[in-house]
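These are the residues of each chain, in order.
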Amino acid sequence: MNGHQILSLFLTATILCVSGRTSADESTRVSEGLLLLYTFDEGKGTVVKERSGSDDPLDLRIVDPNRVDWRIGAVRIKASTRITSDRPPVGAVRAIRESQELTLEAWVTPQNVEQNGPARIVTLSDGPGARNLTLGQDATAFDARLRTTSTSENGLPSLATPNTVTRDLTHIVLTRDRSGSTRLYVNGEVSGNGQTAGDLSNWDETFPLILGNEKSGDRPWLGELHLVALYHRALDAAEVGRNFAAGCDDRQHWDRLLPAASVQKVDFTQHVQPILRAHCFDCHSGETEEGGLNLGLRLRVFEGGEHGPVLVPGSSLRSPLIHLVAGVDPKRTMPPEGERLSAEEIGILRAWIDQGADWPPGADLPDPRVERAKEHWAFQPLREMEIPAVSEADRWPRTSIDRFVLQSLQHSRLSPRQPLNPRRLIRRVSFDLVGLPPTPEEVDAFLAEWSRDSEAAYERLIDRLLASPHFGERWGRHWLDVARYADSNGQEGDQDRPGAYQYRDFVIRAFNDDMPYDTFVRWQIAGDEYEPSRPEALAATGFLVAGPHTVLEATFLEEERLRNRYNELDDMVSTLGSGLLGLTIGCARCHDHKYDAITAREYYRVLSVFHSGDRREIKLPDGSDALVFRDDGPQPRESWLFRRGDFYDRDQPVQLGFLDVLMSESSVEKFWEQARRETPLSDSTYQRKALAEWITDVDRGAGALLARVIVNRLWQHHFGEGLVRTPNDFGVRGEAPTHPELLEWLAHDLVANGWTLKRLHRQMLLSSTYRQGSTRTDEAAEIDPENRLLWRMNPRRIEAEILRDSMLHANGTLNPKAFGPAFKPPIPAEAMVARNLKTPYKPEEDASPEIRRRSVYMFHKRVVPYPLLQAFDRPDSLQSCGRRDLTTVAPQALALMNDQFVRGQAADFAERLKSECGDDAERSIQRAFLLALGREPSEIEQTASAEFLAQQTARRRERKSADPPREALTDFCQTLFGLNEFFTID
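If you're wondering where the values come from, they're calculated on a predicted model, not measured in any experiment.

Conventions adopted
Residues numbered from 1 in each chain as written. Predicted model: local features only at pLDDT ≥ 70, side-chain atom pairs only at ≥ 80, totals over all residues. Heavy atoms only, no water. Helix = DSSP H or I, 4+ residues; strand = E, 2+ residues; numbered from the N terminus. Contact = heavy atoms within 4.5 Å. Areas by Shrake-Rupley, 256 points an atom, 1.4 Å probe, with all protein chains shown as cover. Lys, Arg positive; Asp, Glu negative; His and termini not counted. Charge placed at Lys NZ, Arg CZ, Asp CG, Glu CD. Core = buried A, V, L, I, M, F, W, Y, C linked by side-chain atoms within 4.5 Å. Buried < 20%, exposed > 50% of the residue type's maximum accessible area, 1.4 Å probe, protein only. Salt bridge = Lys/Arg side-chain N within 4 Å of Asp/Glu carboxyl O. Pairing = 2+ DSSP bridges. Expected span 1.5 Å × (residues − 1). pLDDT = per-residue confidence, 0-100.

Asks: Is there a simple way to think about the overall build of the protein in this case?
Replies: Looking only at helices and strands, one finds 32 helices and 24 strands in the protein. By principal-axis analysis of the C-alpha atoms, the protein measures approximately 110 × 70 × 45 Å. Long-range pairs, those at least 24 residues apart, make up 69% of the contacts in the protein between residues at least 6 apart in sequence. Of the roughly 39800 Å² of accessible surface on the protein, a fraction of 48% belongs to carbon and sulfur atoms. Positive and negative side-chain charges of the protein, numbering 121 and 148 respectively, have mean locations separated by a distance of 2 Å.

Asks: What exactly am I supposed to notice about the nonpolar core here?
Replies: The tendency in soluble globular proteins is for nonpolar side chains to be buried as a group. Of all hydrophobic cores here, the largest spans 184 residues; its most connected members are W479, L580 and W694. If one sorts the elements of this core by residue count, helix α21 (residues 703-719) sits on top with ten residues. Of all hydrophobic cores here, the second largest spans 45 residues; its members include L60, V68, L209 and L222.

Asks: When you look at the pattern of salt bridges in this model, what are you seeing that I'm missing?
Replies: Two side chains of opposite charge can pair, provided their charged atoms sit close to one another. Scanning the model with the defined rule gives 81 salt bridges in all. E303 is paired through a salt bridge with R605; the nearest N and O atoms lie 2.9 Å apart. Of this pair, E303 sits in helix α5 (residues 298-303) while R605 sits in helix α18 (residues 600-611), and the two are 302 residues apart along the sequence. For the pair formed by E303 and R605, the shared burial category is buried. Between D528 and R630 there is a salt bridge; the shortest N-O distance is 3.8 Å. Of this pair, D528 sits in helix α15 (residues 517-530) while R630 sits in strand β20 (residues 625-631); the two residues are 102 residues apart in sequence, bridging distant segments of the chain. You can call D528 buried: its relative accessible area is 1%.

Asks: Whenever I open this one, helix α26 (residues 800-810) confuses me. Can you help?
Replies: Of all eleven residues in α26, eleven are buried; the element is thus mostly enclosed. Residues of α26 that are buried: A800, E801, I802, L803, R804, D805, S806, M807, L808, H809 and A810. Backbone geometry just after α26 places G812 at a positive phi near 80°.

Asks: Can you help me understand the environment of L230 in this one?
Replies: Here L230 lies in strand β16 (residues 223-231). On the basis of relative accessible area, L230 is assigned to the buried category, the value being 7%. Taking the C-alpha atoms as reference, L230 lies 17 Å from T148; in sequence the two are 82 residues apart.

Asks: Quick question: what am I supposed to make of the pairing of strand β7 (residues 102-110) here?
Replies: Within a regular strand, side chains alternate between the sheet's two faces. Within β7, nine of the nine residues are buried, which leaves it mostly tucked inside the rest of the structure. The side-chain alternation of β7 yields two buried faces, one formed by L102, L104, A106, V108 and P110 and the other by T103, E105, W107 and T109. The sheet contact formed by β7 and strand β12 (residues 170-176) spans seven bridges and is antiparallel. Along β12, the bridge assignment pairs E105 with V173.

Asks: What should I look at first to understand helix α32 (residues 964-977) in this one?
Replies: Side chains of residues three or four places apart in an α-helix project in the same direction, reflecting 3.6 residues per turn. In this model, α32 (14 residues) spans 20 Å end to end at C-alpha, consistent with the 20 Å of a helix rising 1.5 Å per residue. Buried residues dominate α32, accounting for ten of its 14 residues. Taken as a whole, α32 has its buried residues at P964, A968, L969, T970, D971, F972, C973, Q974, L976 and F977. Of the surrounding elements, those touching the buried residues of α32 are α26, α28 (890-898), α29 (900-917), α30 (921-933) and α31 (939-958).

Asks: I would appreciate a short explanation of the sheet that holds strand β6 (residues 83-85) in the present structure.
Replies: Paired through their backbone hydrogen bonds, the strands of a sheet run either parallel or antiparallel. Ordered by their spatial adjacency, eight strands build an open sheet running β2-β3-β6-β15-β8-β9-β10-β11, and the pairing between neighbours is antiparallel. For this open sheet the edge positions go to β2 (47-48) and β11 (159-160), each flanked by a neighbour on one side alone.

Asks: I keep staring at the environment of S682 and nothing clicks. Help me out?
Replies: Along the polypeptide, S682 turns up in the loop between α19 (668-675) and α20 (687-696). In the structure, S682 is positioned 49 residues away from G633 in sequence and 7.6 Å away in space, judged by C-alpha atoms.

Asks: What should I look at first to understand unusual backbone geometry in this one?
Replies: Glycine aside, negative phi is the norm for most residues, and most peptide bonds take the trans geometry. A cis geometry characterises the amide bond from L156 onward to P157, with omega recorded as 5°. Along the chain, the position of P157 falls in the loop between β10 (141-146) and β11. Here the bond from M334 into P335 is cis, since omega is 0°, no more than 30 degrees from zero. Looking at where P335 falls in the secondary structure, it is placed in the loop between α6 (320-326) and α7 (343-354). Positive phi, normally seen in glycine, also occurs at Q100, with a value near 60°. Structurally, Q100 can be placed in the loop between α2 (90-99) and β7.

Asks: I tried to follow the confidence of the model for the protein on my own but got confused; where do I start?
Replies: As a general rule, the predicted coordinates of low-pLDDT regions are not to be interpreted in detail. Averaged over all residues, the pLDDT of the protein equals 90, while 95% of them reach at least 70. The model gives residues 1-26 a pLDDT under 50, and that stretch makes 70 contacts with residues more than four places away or in other chains.

Asks: Can you walk me through the pairing of strand β8 (residues 119-127) in this structure?
Replies: Judged by how many residues are buried, β8 sits mostly within the fold: eight of nine residues are covered. With seven bridges joining them, β8 and strand β9 (residues 130-138) adopt antiparallel strand pairing. Within β9, the position partnered with R120 by the bridge is G136. Linking two consecutive strands that pair antiparallel, namely β8 and β9, is a turn of two residues.

This is how it looks when you write it as structure tokens:
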């Protein structure tokens, strides 16, 4: 029971919400013609009393009391239920049939403006298809259906208001007079006019009266009911205005029940906090939160506990905290034991609340759980690390990175491997930076430069590759894994997303342009709130909506729509956590995180940021479509903490908030205030901008962790393993960094140099650590079998997309076209079997140059993955992927031998060799090795290849092939594609 319930119980006997017995200086309600009246002042229980004064009152029963909360003079319907009469209102129906007039009045506070159906607020009906009378909400409109002899049995056509629904307390009145004139009033003003012909003689006496739903239970309305009244006559405009002026509560009487508010100016730290400390903190602060209420933290106080907010800033009369400490209900006085608050102390609390409940920064009590959690290495402030000293005689270190690595190696009595030779080094760095092997001409040029000045040649190579437009395609693909990007919705229908590619293009351009990483992150969370006039900033918010999505028709039950909605919001929160911060925030959806200092309340605070908006398809200035995220308006939508993830359990409202363990010397309000200082948009909450500011703020927010996570991602893709080998989990259950000082130094250096990633790439690639060979020795492997100390480079298999691109690159047919809509490659018909696709898959023609573009531009349909890429572990994009699975299984070899695309590229490779080398088999073999593997064949390989060509040509002749030499050469090229060396970076 909360404070609202307590006060309501106490006032029930003396104050009728709006029964006509108000003070002389107030408007009184109209009572003439009143048939039914419900004022919801019970405060508890499962029965709503009828208050008209009838000799035979028609009480209502709450079918599922767990889905409602009692408030002062109101009942809040928080989940689908019915408040129904157990017998029909026969007398009321007969009176209305006789008068041929009626008035239905309701005071309501809608939960949101998303309720469709329309959701039933009040209905006198037998189900969705048969009714006498219904007042409902259909999104932003109120809707009234009234059956007469001239309408349908369902009361159609209906009368609706324009877009008048808000989440504020609202007065709605439907009137119908004897002439058929029908009106809808909203807050005392006519909002809808109509003529309902016919008469009411066909009203059915057997229909029950139901509030908050339909009899069938499939038209739920959520919100607060404050008053419902039914008259057997049509109130005129003046009478409607009179009832509106009378209101639906009598709060002026509350003051008589409470000690007077102090007249002094109250200071929270000096006057209020000592009172809370003396009387409340034992049960409601630190690790003790009885009733889910913490009075030691500002945000927690204003959110309240299990029974909702305890403070209403500006109104101590409406604040349950005051009702509790004042002992309005002697059985529920707080504190329950020990010394009670004096009248003077209550007066100080009242004055503080009436004066706005100011809570200055720094006045929160430290939370012991959070303070302990901050000791974890990942949650600590960013530190500048001292670079280790090494002996002047040791010439191996080239960069600061090498000094950190060498320190660990020497401590374990290990030595680094010899550097890679230049031919293999250019192949390694080319794959790493642009995702393509170097051409033979590029290799020759690099070797020539190397012979003159190896260090300068290598630096120029890195700079050239970093400046290549292919750099963004390579590293954009890595980020798209993190962002769970695809070109279709996934799930059952898997509809295409025509505008999704705009986000992919933004990512590629951002990497090519070396956009500072903090800006890159901010735009993906709130690009429209930062730069609403820049198309790329709008497209960047595609990050939030890149995950799976289901389009549910309005015919789906509310429960299914809500489940789908909150699953998608969870996807956004989870991706934000794992992708940007390396934290499994999504684990707190149903309960506090089992290991990390992330509470369910904090999860829902972050979720509230995205609850205020949704995905949108918009037109960019060039006329193209883009899938983006937009807020629904300037006011945040009400959000709640769902206990155990039950979206019908809405006892505890939550506000915008972040993770306390990553907050320092600031507050949520400050971040939000900063975000709203410049507000070019009038239809956005700027909560996402506040979140973006916090997540990139190194000193006051999560910026230090953000920097560590992205440094680790870059290191992982260059070295095969991250310094932290759980890239999406930096929490206490994730792996500790192998080189913590190096990770810290790199993260600090990244931030200190403007968050530029290309500079970070350059640092890593110039190091001697990166240039090592991959030779394994038994002695070193015995000391460090997993190569955690980086005594050698790990050989790495290239990703599925790079494997495909390398085939196109080798045969010379790679189409360099960048950006724009994705191409759809041919997919075998058998891969489409049993797919319930809403959008048919229509591939490009085999001969189209589009299908020879880089794989990052390939259409990724979630339900129909491209078989070759699927075989080589391309992720399904159902969730953020920080590290791809790496398997070695038989289907991969079978794909390289039998896949039609692979065979086609081998044929094109053979065609290129024929064009460049003619019928010279020896020269063709040498050229093939250079193009495919970046080197010439050894003598043994040359001989074996020549024998293979001769044997295959003979076999092809035996099979009467059309062109045996060409097909044999194709077989040879396909064999090269299947070599481990072709798809492994040494």
